[in-house]
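# Structure at a glance
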Amino acid sequence: MGGMHTAKPIMAMDKGHIYDIKNGRPDTVKPLYQVRDNHAYATEHHPGGLSPHAVFEIRGDKVHTTIHHPAHDPSKHIFDVRPGMV
């Protein structure tokens, strides 16, 4: 069950912001999320617009959806965040 799976990155995180990947590089002009206190909040550049509610929570090396995310499932994480994974 499980194991490590790899895929092309679809987002990149740097200096408190999460960016979409375009043409293989982070689109650092338009951050989709801002990270504060281990919670990710949608910015005005997010397709759904600015949100005062966090949609993701970072717990250790796992990213979980919050109750404000449309696909919220409290029993699962959705991403692993591990430095050096390439």
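Before reading on, note that the structure itself is shown above.
So, here's what we can say about the structure.

Rules used in this analysis
- Residues numbered from 1 in each chain as written.
- Predicted model: local features only at pLDDT ≥ 70, side-chain atom pairs only at ≥ 80, totals over all residues.
- Heavy atoms only, no water.
- Helix = DSSP H or I, 4+ residues; strand = E, 2+ residues; numbered from the N terminus.
- Buried < 20%, exposed > 50% of the residue type's maximum accessible area, 1.4 Å probe, protein only.
- Contact = heavy atoms within 4.5 Å.
- Core = buried A, V, L, I, M, F, W, Y, C linked by side-chain atoms within 4.5 Å.
- Pairing = 2+ DSSP bridges.
- Salt bridge = Lys/Arg side-chain N within 4 Å of Asp/Glu carboxyl O.

So, about the environment of His 53. Here His 53 is to be found in the loop between strand 5 (39-42) and strand 6 (54-59). Classification of His 53 as partly exposed rests on a relative accessible area of 39%. Counting along the chain gives 14 residues from His 53 to Ile 67, while the straight-line C-alpha distance between them is 9.2 Å. Filtering out sequence-adjacent residues up to four positions away, His 53 remains in contact with Tyr 41 and His 68.

Another point: unusual backbone geometry. The residue Asn 23 is not glycine, and still its phi comes out positive at about 55 degrees. When you line up the elements, Asn 23 lands in the loop between strand 2 (17-22) and strand 3 (25-26). For Asn 23, a relative accessible area of 84% translates into the label exposed. Phi angles above zero are rare outside glycine, and Asn 38 is one such case at about 65 degrees. Taking the relative accessible area as the measure of exposure, Asn 38 reaches 46% and is therefore partly exposed.

Let us now look at the nonpolar core. Ranked by size, the top nonpolar core spans ten residues in total: Ile 18, Leu 32, Tyr 33, Val 35, Ala 40, Ala 42, Val 55, Phe 56, Ile 58 and Val 63. Contributions of two or more residues to this core are made by strand 4 (33-36), strand 5 and strand 6. Looking at which element gives the most residues to this core, the answer is strand 6, with three residues. Filtering out sequence-adjacent residues up to four positions away, Ile 18 remains in contact with Met 11, Ala 12, Met 13, Pro 31, Leu 32, Tyr 33, Val 35 and Ala 40.

For strand 1 (residues 11-14) and strand 2, the ladder comprises four bridges, and the chain directions are antiparallel. Looking at the pairing, Ala 12 lines up with Tyr 19 of strand 2. Counted along the chain from strand 1 to the antiparallel partner strand 2, the turn is two residues long, and its residue Lys 15 has a positive phi close to 50 degrees. Relative to strand 4, strand 2 runs antiparallel, the two sharing two bridges. Its bridge partner being in strand 4, His 17 is matched across the sheet by Gln 34. Where strand 2 and strand 3 come together, two bridges link them in antiparallel fashion.

Once that is clear, we can look at the pattern of salt bridges. Per the counting criterion, the structure on display carries four salt bridges. Note that Arg 59 is salt-bridged to Glu 57, the shortest N-O span being 3.3 Å. When its relative accessible area of 41% is taken as the criterion, Arg 59 is described as partly exposed. Overall, the relative accessible area of 23% leaves Glu 57 in the partly exposed class. The salt bridge involving Lys 62 is made with Asp 61; its shortest N-O contact spans 3.4 Å. Given a relative accessible area of 31%, Asp 61 falls into the partly exposed group.

Don't take any of this as a statement about function, it's just geometry.
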